[in-house]
Structure formats: C-alpha cells, structure tokens
Amino acid sequence: MRVLARVETALLNQTGYLFQWSPVCLAIGIGLYFALRFEPGWQIYVCFSSVIVAAMGMARKSRSGWASLAIGGTLIAAGFILAGARAHTVAEPVLSWRYYGPVEGRVVAIDRSASDALRVTLDRVRLGDVPLDRRPRRVRLSLHGGDVALVPGQRIMTTGHLSPPQGPVEPGGFDFRRHAWFQRLGAVGYTRVPVLLVAPPDRTNLRITAWRMAISAHVRALLPGEVGGFAAAVTTGDRSGMGQETLNNLRASNLAHLLAISGLHMGLLTGFVYLICRVTLSAVPVLALRLPVRKIAAVCALVAAVVYLLLSGGNVATERAFIMVSVMLGAILIDRRSISLRAVAVAALIVLSLRPESLLSPGFQMSFAATTALVAVFGALRGFGSAFGPKWLRPIIGVLMSSAIAGLATAPIGAAHFNSLSHYGLVANMLSVPVMGAVVVPAAVIAAILAPFGLEWFGLAVMGAGLEWILAVSDWISGLEGAQGYVVSPPSYVLPIFALGALWIALWRGGARWVGVAPCMVAIALWGQGNRPEVLVADSGGLVGVMTDQGRALSKEKGSKFIATVWLENDGDGASQKTAANRWPDGKDLSQRYFWQGKELIHLTGKRSAREFSECGDDQIVISAVPVQLSGTCMVIDPELLNKTGSIALSIGNVMTSAEVIGKRLWSPDS
C-alpha cells in the first residue's frame, strides 16, 4: 500500500504537466495495432471500447492521481481503435498478380525513382480487361521509355509491367506494402515504351497540383540546373528536377532534411512573415497603439502557412509542420505561450488522430523528437539567458545549440531507419541552416510578393545564390574522407524503448526524470547485441546473401540492386553490390555455390542452370529464381515457396520468413 501511495503522490505532483503525455499514450495504442501479427476482429474493438467507457467512468469519479492513469488507458485504447479505423477506411483493391498489358490513367503526381527515372502516379486507372472490383485505385509507373513532358491531369496510356507492392526485402524489414496501403497505391511497375497522351488535362480536384507544377516549371526555367531543381523542391515539393547524385550528396552531408517541406521550412516562413508584419505595424504608432499587433501578425503568418501548404502539395510532412505551426500561432491568438510542450502535444495529437500510420514514419519520429528536445532544453535554460554571453553573440550560440540539440535528438532515429551517420553533419548544418533561414526563405517570400509584377526573378536570383552555397557545402562535406558512417539495424524493440526513456527525461518533472536514462542505456546495449541473419534470400529468389568475416557476400553483382543495397545498409556495410559480390566464391558451372555451416548453398538464377541441376542431397540447400524439378532430400527454396513466404532469413536451426513476421494483416497477401 505504501508503494501505491507513493505512486499516487508522484502523479499528483505532476498535475499540470500530464497533458503532454497524451500523444505518448495515443501512440502506444497505435503501436499496439501495428505490432499485431493478425488483423483484429470486431470482438477486440468491442473490448477496447469497453475499456474506454470504464476508464472514463473511473476518471470522472476519481479525484486522485489514479484518474490520470485512467485517462491514459482511455487514450491507449482510442489509439488502437483509431489505427484500425484508418486502415479499414483507406482499403482499396491491390493487384494480386504480375500484369503486363495496357495501362491507362490520369496523372496525379510526378517525381523520380531511385534509379533517376521519371515516375508518375495515376488514378482513374484502366488495365486491359481487369474488372473494376479488382482494379487498383492508384498505380505508380517508372518511365524508362525516355523523359516526356507531362502535367497533372493528363490522361496517358502505355504498355507496362505491374506487380503488387513489394513486401520487406528481409524478415522484419520495412514493409512497403503497408506504406502503399495507406497511400491507396495498389500496384507499382515500369514501362519501356513511349507514353501516349489520351486526353487533355482533366484538372478536377487537381487545380492546385497543376498550379504547383506550373510554378515549379517557371522556377526551373529561371534557375536552371540543380539549383533550379532544389528551388522547386523547397517551394513546391517537386523533386523531379533534381539528379540522384545531388540527392546522395545531401544525404551524406545530413542536409537532405532541407529538401523536405517540413517543420524547418514552415517555421522559417511563418516566422519571417510574422516578424515582418509585426515590425511593420509596430513602426506606425497609430496602429501599434490601437491594434493587437501580435495577433494580426499571427493571422498573416497563418495565412502564409496555408498558402505554403497548398503550394507544397500537402504531403504528410508538410501537413504535420502546418499543424504544429497552426497550434503555436493559435496560442498567440488566445494569449497563451506559443512555444511549449503543451503546444507540441496538441500538434502530435492532431497528426496522430488524422494519420495514425505516420507514427511509423521516420519523418514523424524525427520531427517531433527534434521539436520536443528543443522546447524541453530551451525551456529548462530559459532562466539562464544572460549566461550565454553578450546579446550580439546569443543568436550565433542559439543556432549552434539548436543544431546540436536537434542533431542529438534525431541521430538515433536516423541511424535506426537509414543505417548511416553523417560524421560532419553538424558542421554542414551550421553552415547551411542559417543560410536557409536568412537568405533562401526570405528571398522566396520576396519572389512571391514580386511575382504579380513580373519581378520574381530578383527574389529567385537571391534564393538561387543561397541554394548554390548549400549545394557547395553538401558537395564538400560528402567528399571528405569518412564523411558517412554506417551502423547495423537494431532489433525492432530497441527504438520504442529508447523513445520512452527519452520522453520520460523530457516530459517528467522532478529528479525522477533521470530514471529515463536507464531505458536509453538499455536500448543502446540491446542495439549492439542484435544479430544480423546469416543467410538472406530475396522474395524473388534472384539474390542470396551470406554473412562472412569480410561482410555479406552476394551471389550476383548485377540485378536486384535495391534489395542488395538495403541488405548491406542494414548490415552497417557501406560496400557496393559489386564489392559484396566479389566476396562470393566463383560459380561452378551455371550455379552459384557457397559452403555455409556444413551446408552447400546452391543458387540457380536461370532456366538453363535449373535444367542442368536435377538432384540434391541432405547437405545442400537449393535456392532457385525459376521453377525447378529436383529429386533428393535437400531443402528447396523456389518461386512457389517464396510466393507464400516472402523473403527468408536462415540461421543455424532457424528459418524466418517475412510472412511469419507480418502475419495476416489487411495489407499482406491472402489476408
């Protein structure tokens, strides 16, 4: 009883600070839904609904600290129900077979693939004689038949290869099928033939998209090359004008976040508009004495945020940034502190309620990790302003501290998701972020103001100069020796443990907050204890990887490039596919062979090699990318098996498949 009394006292001492835990509880419920290996039935939703009713009743009757725990339980149950409702709401047909034939649809999005090919997303799709009830709502095609001038709304036709969205490249890896499910993307593929225009643009529900693309084209016409592509990306969200080398340099220098229209850009834009409006109104005594200058400036900044949201295409990251900025500007309108953990909590609640699946995205995690850390640290240091030197030096110290705090907060998340660390990322950000805030964003606002008069070229020229500097920094930093390091992927439970510990440190009040250090240290220790699969088999059977003392050896130096890259990155290995293939012994006949733990792995990739190999024994494991007829007692991994299991991981005495890890979910095949 004494322990329970202490817990209740601790909760009562947190009165006034518990609201900021609301999104954490909601996120726990959402995480529980996505962690399941089966799709919950109506009985489970009834149970969670009953929990909500009971917990709310308990919270209303209780005036003690236990009421907060009841509310927390309510939010956890609500998060689970929200995630399930969202998953069922976005349900659309998904292609369940490989399709080759005519593809027709309306262009709704244009970007570039990882191979630098122009890529389009189509809706209102027609696929040969595929019936309507089996036809995907949206498909995405990479155009390898040559770049073509496309605009949103055009109806195009081509002949292409389509397949269902790909599952994880290894058991427990990123599930693109789940990601595509929430984008209502039912098929992906490519075409190698020219695209034909079927009908002129139909811009129903696409007028804003067409406006965006027109602005993007105009910006790239005035600022040609990579600078123009960069300018279009930060103003309209259109990255189709940027080359893969530039993108890689930005990633290696930890500057890729400057491409995403997220919290940084939205914050800089609204902050600049707010400052200009407030200074302008305050400079006129008659207005300054009679009008609520701060609130008018906040409304102007909010209008600018709405325009930027529409101009950027309203992707998830921008929506999240808009909500965060709107909450903070709204706080000014109702005379509340605009930058506080409570405001961050409100923004997180709204984002998670609208898009529960965003909890799993690195963008959401990194954005709110950085924001929470910055607000918590600067809030704790609020009373030490004079300790940071003279006034003229404080802005510089503020920028350095902000970069360091945000970098430390997001580094574990970035390392877990992307398996890389930019060793000079802090230097790159200190050289680039101030230029983005002081030059690029203000120049973009000036260009927008001057555009009706045909003078936008002046603002764009200044903006281009700032972006040239950022690109030069990324080229320099990425070219330094050892600029980018690689880390092994952690087990799936590591990041949640670390996040809960870090949140405890940031949100709890009092000396007990440092208890959160323990989970963080445990997570780091568990990260180092994680073991990578000894043998990986691609879901197509076209690639095999075996872990060796020198790193993972790959059975092919060409083909399945994306899978090979992800495997090596998850291993914490920065080698290329060709380098990894050189670790594999020379092939015998037409097959690739590797001796592993007393077994001979035999990889067959073509019909000829499959025909020449007809018998096997207990000490062999045959992996084939084509159907194979074998006599013998060996283990056979062929397309028929892989269609059921997805990618496979082999270890001593253990076989793990993607199908087992994912289970039967809405987005998994045959669910």
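Calculation criteria
Residues numbered from 1 in each chain as written. Predicted model: local features only at pLDDT ≥ 70, side-chain atom pairs only at ≥ 80, totals over all residues. Heavy atoms only, no water. Helix = DSSP H or I, 4+ residues; strand = E, 2+ residues; numbered from the N terminus. Rg over C-alpha atoms; globule rule 2.2 N^0.38 Å. Buried < 20%, exposed > 50% of the residue type's maximum accessible area, 1.4 Å probe, protein only. Areas by Shrake-Rupley, 256 points an atom, 1.4 Å probe, with all protein chains shown as cover. Expected span 1.5 Å × (residues − 1). Contact = heavy atoms within 4.5 Å. 1 Å grid on protein atoms, 1.4 Å probe; cavity = no way out; pocket = protein on both sides within 12 Å on 5 of 7 lines; lining within 4 Å. Points joined across faces, edges and corners; volume = space filled by probe spheres on them. Polar contact = N/O pair within 3.5 Å; in protein donor to acceptor, adjacent residues only side chain to side chain. Pairing = 2+ DSSP bridges. Axes fitted to C-alpha atoms, helices over the stretch in contact; angles between N-to-C directions. Core = buried A, V, L, I, M, F, W, Y, C linked by side-chain atoms within 4.5 Å. Phe/Tyr/Trp six-rings, centres within 6.5 Å; stacked < 30°, edge-to-face > 60°. Disulfide = S-S within 2.5 Å. Patch = residues over 30% accessible without salt bridge, like charges linked within 9 Å, V, L, I, M, F, W, Y side chains within 5 Å. Salt bridge = Lys/Arg side-chain N within 4 Å of Asp/Glu carboxyl O.

Draft legend 1. Layout of the overall build of the protein. Secondary structure assignment for the protein yields 24 helices and 19 strands. Taking 671 residues into account, the globule formula puts the C-alpha radius of gyration at 26 Å, and the protein, at 27 Å, falls close to it. Across the 671 residues that make up the protein, the buried fraction comes to 45%. Counting only carbon and sulfur atoms, one obtains 63% of the accessible surface of the protein, whose full area is about 33000 Å².

Draft legend 2. Layout of helix α6 (residues 207-222). Over its 16 residues, α6 runs 23 Å from end to end, which matches the ideal 22 Å to within 8%, given 1.5 Å per residue. For α6, the set of buried residues is Thr209, Ala210, Arg212, Met213, Ser216 and Val219. Of the surrounding elements, those touching the buried residues of α6 are β1 (99-112), α7 (225-236), α11 (293-311) and α17 (456-479).

Draft legend 3. View of empty space enclosed by the protein. Overall, the coordinates contain one cavity of 30 Å³ or more when judged by the stated rule. Lining the largest cavity are Val90, Glu92, Pro93, Val94, Ala180, Trp181, Arg184, Leu185 and Gly186.

Draft legend 4. Broad picture of the side chain of Thr191. On the secondary structure map, Thr191 appears in strand β5 (residues 185-191). In terms of polar contacts, Thr191 uses its side chain to reach the side chain of Thr158, at 3.0 Å. With sequence-adjacent residues up to four places away left out, Thr191 is seen in contact with Leu141, Ser142, Leu143, His144, Gly145, Thr158, Thr159 and Gly160.

Draft legend 5. Up close: the side chain of Asp573. Mapped onto the elements of the fold, Asp573 is located in the loop between α20 (561-570) and α21 (577-581). A distance of 2.9 Å separates the side chain of Asp573 from the backbone nitrogen of Ala575, its partner in a polar contact. A distance of 2.9 Å separates polar atoms of two side chains, one belonging to Asp573 and the other to Arg583. Those residues in contact with Asp573, other than ones at most four positions away along the chain, are Tyr486, Gly551, Arg552, Leu568 and Arg583.

Draft legend 6. Local environment of the layout of surface pockets. Roughly 680 Å³ of volume is contained in the second largest pocket. Lining the second largest pocket are 30 residues, and of these Leu311, Ala444, Val445, Ala447 and Ala448 lie nearest its centre. Going through the elements one at a time, α6, α7, α9 (263-282), α11, α16 (425-450) and α17 are the ones with two or more residues in the lining of the second largest pocket. Top contributing element to the lining of the second largest pocket by residue count: α16, with nine residues.

Draft legend 7. Inspection of the sheet that holds strand β12 (residues 592-596) at higher detail. What the four strands build is an open sheet, ordered β12-β13-β15-β17; its pairing is mixed. Either end of the sheet is taken by a strand with one partner, and the two such strands are β12 and β17 (635-637). Pairwise comparison of adjacent strand axes, ignoring direction, gives a mean angle of 15 degrees for this sheet. Taken together, the three bridges between strand β15 (residues 620-624) and β17 define a ladder with parallel strand orientation. Among the inter-strand pairings, Ile621 is bridged to a residue of β17, identified as Met635.

Draft legend 8. Geometry of the nonpolar core. Phe230, Met463, Leu467 and Ile470 are the most contacted members of the largest nonpolar core, which totals 46 residues. Elements that contribute at least two residues to this core include exactly α7, α8 (244-252), α9, α11, α12 (316-333), α16 and α17. With sequence-adjacent residues up to four places away left out, Leu467 is seen in contact with Val227, Phe230, Ala231, Met436 and Val440. If you look at the next biggest cluster of nonpolar residues, it comprises 37 residues, including Ala347, Leu352, Ala506 and Leu507.

Draft legend 9. The arrangement of the environment of Leu642 in detail. Mapped onto the fold, Leu642 is located in helix α23 (residues 639-645). Taking the C-alpha atoms as reference, Leu642 lies 6.8 Å from Ser540; in sequence the two are 102 residues apart. Beyond its immediate sequence surroundings of up to four residues, Leu642 is in contact with Val537, Ala538, Asp539, Ser540, Gly541, Ile637 and Ile648.

Draft legend 10. Structural context of the environment of Gly31. Looking at the element boundaries, Gly31 is found in helix α2 (residues 22-35). Judged by its relative accessible area of 24%, Gly31 falls in the partly exposed class. Put simply, Gly31 and Glu357 are 326 residues apart on the chain and 9.0 Å apart in space, counted from C-alpha to C-alpha.

Draft legend 11. Quick look at the sheet that holds strand β19 (residues 654-657). The five strands are arranged β11-β10-β9-β18-β19 in an open sheet whose pairing can be described as antiparallel. With one partner strand each, in any of the chains shown, β11 (551-554) and β19 form the two edges of the open sheet. Recorded for the sheet is a direction-independent mean angle of 20 degrees between the axes of neighbouring strands. Sheet topology note: the strand β10 (residues 544-548)/β11 ladder contains four bridges and is antiparallel. In the strand pairing of β11, Met547 is matched with Arg552.

Draft legend 12. Representation of the packing of aromatic side chains. In this structure the tally under the stated criterion is 14 aromatic pairs. Ring geometry for Trp21 and Trp508: centres 6.5 Å apart, planes at 70 degrees, overall edge-to-face. Linking Trp21 in the loop between α1 (2-13) and α2 with Trp508 in the loop between α18 (494-507) and α19 (517-529), this pair joins segments that are 487 residues apart in sequence. You can call Trp508 buried: its relative accessible area is 9%. On the numbers, 5.8 Å between centres and 65 degrees between planes, the contact of Phe34 with Phe182 is edge-to-face.

Draft legend 13. Fine view of the state of the cysteines. Summed over all chains, the structure comprises one disulfide. There is a disulfide in this structure between Cys616 and Cys634, and the S-S distance comes to 1.8 Å. One disulfide, between Cys616 and Cys634, carries an S-S torsion of -60 degrees and so falls in the left-handed class. Residue Cys616 is located in strand β14 (residues 615-616), and its partner Cys634 is located in the loop between β16 (631-632) and β17; the two are separated by 18 residues in the primary sequence. A relative accessible area of 9% places Cys616 in the buried class. Considering cysteine sulfurs only, Cys25 is the nearest to Cys47, which forms no disulfide, with 20 Å between them. Not part of a disulfide, Cys277 finds its nearest cysteine sulfur in Cys300, a span of 3.9 Å. Among the residues examined, Cys277 registers a relative accessible area of 18% and is labelled buried.

Draft legend 14. Inspection of a nonpolar patch on the surface at higher detail. A surface patch of nonpolar side chains, about 730 Å² in accessible area, is lined by Ile208, Trp211, Val299, Val303, Val306, Val307, Leu310, Leu333 and Ile334. Residue position: Val306 is located in helix α11. Judged by relative accessible area, which is 34%, Val306 ranks as partly exposed.

Draft legend 15. Summary view of the pairing of strand β3 (residues 138-143). Taking burial as the measure, the six residues of β3 include five buried ones, the bulk of the element. Relative to β3, strand β2 (residues 118-126) runs antiparallel, the two being bridged by six bridges. Residue pairing for β3: Leu122 is matched across the bridge by Val139. Strand direction decides the pairing type here: β3 and β5, joined by six bridges, are parallel. For Ser142, the partnering residue across the bridge sits in β5 and is Tyr190.

The values reported here are purely geometric and, on their own, carry no functional implication.
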